[in-house]
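Reading the structure
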Amino acid sequence: MAEPLFRLLEIVLPRVVNANGPHVTYQGLENIPEHGGAVIAVNHTSYVDWYAASTAAMYRGRRLRYMLKAEMTRVPVIGYVVRHIGLIPVDRSAGAGALDVAVQRLRAGELVGVNPEATISRSFELMEFKSGAARMAHAAEVPLIPVIVWGMQRVWTKDNPKRLWRNHIPVLAKIGAPMMPTGDVAATTAALRNTMATMLEEAQLEYPHPAGAFWVPRRLGGSAPTMAEALALREAELAERDRQRLERSRGGRLRRAIARRSGR
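Residues numbered from 1 in each chain as written. Predicted model: local features only at pLDDT ≥ 70, side-chain atom pairs only at ≥ 80, totals over all residues. Heavy atoms only, no water.

**With respect to the packing of helix α1 (residues 4-20) against helix α2 (residues 49-59)**
As a packed pair, α1 and α2 sit with axes 12 Å apart at the nearest point and diverge in direction by 125°. Taken together, the axis directions place α1 and α2 in an arrangement best described as oblique. Between α1 and α2 lies a crossing whose hand is left-handed. Contacts between α1 and α2 involve Glu 10, Leu 13, Pro 14 and Val 17 from the former and Trp 50, Tyr 51 and Met 58 from the latter. The residue makeup of the contact of α1 with α2, split by class, is six nonpolar, no polar and one charged. (Axes fitted to C-alpha atoms, helices over the stretch in contact; angles between N-to-C directions. Helix = DSSP H or I, 4+ residues; strand = E, 2+ residues; numbered from the N terminus. Parallel < 35°, antiparallel > 145°, perpendicular 65-115°, else oblique. Left-handed = near helix turned anticlockwise from the far one by under 90°. Contact = heavy atoms within 4.5 Å. Nonpolar A, V, L, I, M, F, W, Y, C, P; charged D, E, K, R; others polar.)

**Regarding the side chain of Asn 20**
Summarising the element assignment, Asn 20 is placed in helix α1. A polar atom in the side chain of Asn 20 sits 2.9 Å from the backbone oxygen of Val 16. Filtering out sequence-adjacent residues up to four positions away, Asn 20 remains in contact with Trp 165, Arg 166, Asn 167 and His 168. (Polar contact = N/O pair within 3.5 Å; in protein donor to acceptor, adjacent residues only side chain to side chain.)

**Quick word on unusual backbone geometry**
Cis rather than trans, the peptide bond between Gly 21 and Pro 22 has omega equal to 0°. Its identity as a non-glycine residue notwithstanding, Phe 124 has a phi of 65°, on the positive side. Tracing the sequence through the fold places Phe 124 in the loop between β5 (111-114) and α5 (132-140). Backbone geometry places Asp 159, a non-glycine residue, at a positive phi of 70°. Tracing the backbone shows Asp 159 in the loop between β6 (144-150) and β7 (170-175).

**Comments concerning a nonpolar patch on the surface**
A grouping of Leu 8, Ile 11, Val 12, Val 16, Leu 164 and Trp 165 is seen on the molecular surface, where their side chains present a nonpolar patch of about 530 Å² in accessible area. With respect to the element layout, Trp 165 can be found in the loop between β6 and β7. Here Trp 165 falls in the exposed class, since its relative accessible area comes to 61%. (Patch = residues over 30% accessible without salt bridge, like charges linked within 9 Å, V, L, I, M, F, W, Y side chains within 5 Å. Areas by Shrake-Rupley, 256 points an atom, 1.4 Å probe, with all protein chains shown as cover. Salt bridge = Lys/Arg side-chain N within 4 Å of Asp/Glu carboxyl O. Buried < 20%, exposed > 50% of the residue type's maximum accessible area, 1.4 Å probe, protein only.)

**So, the nonpolar core**
With 63 residues, the main nonpolar core has Val 39, Met 67, Met 136, Met 152 and Leu 192 as its most contacted residues. Top element by residues in this core is β6. It accounts for six residues. Ignoring any residue separated from it by four or fewer positions in sequence, one finds Val 39 in contact with Leu 106, Val 112, Val 114, Ala 133, Met 136, Ala 137, Val 142, Pro 143, Leu 144 and Ile 145. (Core = buried A, V, L, I, M, F, W, Y, C linked by side-chain atoms within 4.5 Å.)

**A look at the sheet that holds strand β4 (residues 88-90)**
As summarised here, the arrangement of the seven strands in space is β1-β7-β6-β2-β5-β3-β4, forming an open sheet in which the pairing is mixed. Bordering the open sheet on either side are β1 (23-27) and β4, each of which pairs with just one other strand. Across the sheet, the mean angle from the axis of one strand to that of its neighbour is 25°, orientation sign disregarded. Of the pairings in the sheet, the one linking strand β2 (residues 38-42) to β5 comprises four bridges and is parallel in character. Bridge pairing in β5 links Ala 38 to Leu 111. (Pairing = 2+ DSSP bridges.)

**Brief notes about the pairing of β5**
Across the two faces of β5 the burial is the same, with Leu 111 and Gly 113 and Val 112 and Val 114 all buried. Judged from the three bridges that link them, strand β3 (residues 64-69) and β5 form a sheet pairing that is parallel. Its bridge partner being in β5, Tyr 66 is matched across the sheet by Gly 113.

**Quick notes on the environment of Glu 240**
In this structure, Glu 240 sits in helix α7 (residues 227-262). By relative accessible area, Glu 240 is classed as partly exposed at 31%. C-alpha separation for the pair Glu 240 and Met 199, spaced 41 residues apart in sequence, amounts to 34 Å.

**A look at the pattern of salt bridges**
For the coordinates displayed, the defined rule picks out 15 salt bridges. Taking the shortest distance from any N to any O, the salt bridge between Arg 122 and Glu 237 comes out at 3.4 Å. One end of the pair, Arg 122, is in the loop between β5 and α5; the other, Glu 237, is in helix α7, and 115 residues separate them in sequence. Relative accessible area serves as the criterion here: at 9%, Arg 122 is assigned to the buried category.

Pasting the structure below:
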């Protein structure tokens, strides 16, 4: 499959990132299979976790079809890229369609990337996992590859300024051994989370953490929100999103009513 845009990104993006940072160190690249389908499960602390996971796949001669929020495709440039490199948009109100597409890709021998937490963790600790990654692995009968990316939250995360250029930030990407789905979906999800929790702790122990830094978890001496504080921030964020959606809906109804009156 030629996929000229994907090939262009494979050539250009690593060069740009290598010149500006972040600088990713990979551990366990051999755990990404050279052939066949697999679910690449990545923790979610940053808007750019996908980069470390995608380049890890690239170094194994593979292409990662990441699942991402469908809202992002409304941005014309992003929508164009998504369509032309085979990413999988997920409509949260109808996620089954994206799941079906992902299973088809896995059965066809592709790698599918997913963040089991479904949203960025403001505490930089693992949140509860959604079942989608395990469901895909069970349905397609492919392994799960656990991946921990640590340090990318320093580049771009929620509630903090972006550092996209000339940051030279070290990032650690740990790729765990393949896990075949066993038992039911709940058991597989729990096993995946337990494995990734252990890997996350190992990555954190290998990485220097200055006291008080915003990107360091509270239990490691940083100023990141605790898990409880992060959940409260998430609830407030969702409430605000619902309020804005309601306002847009009311505004749309008002405009339609005015248009009907003016058309009389």
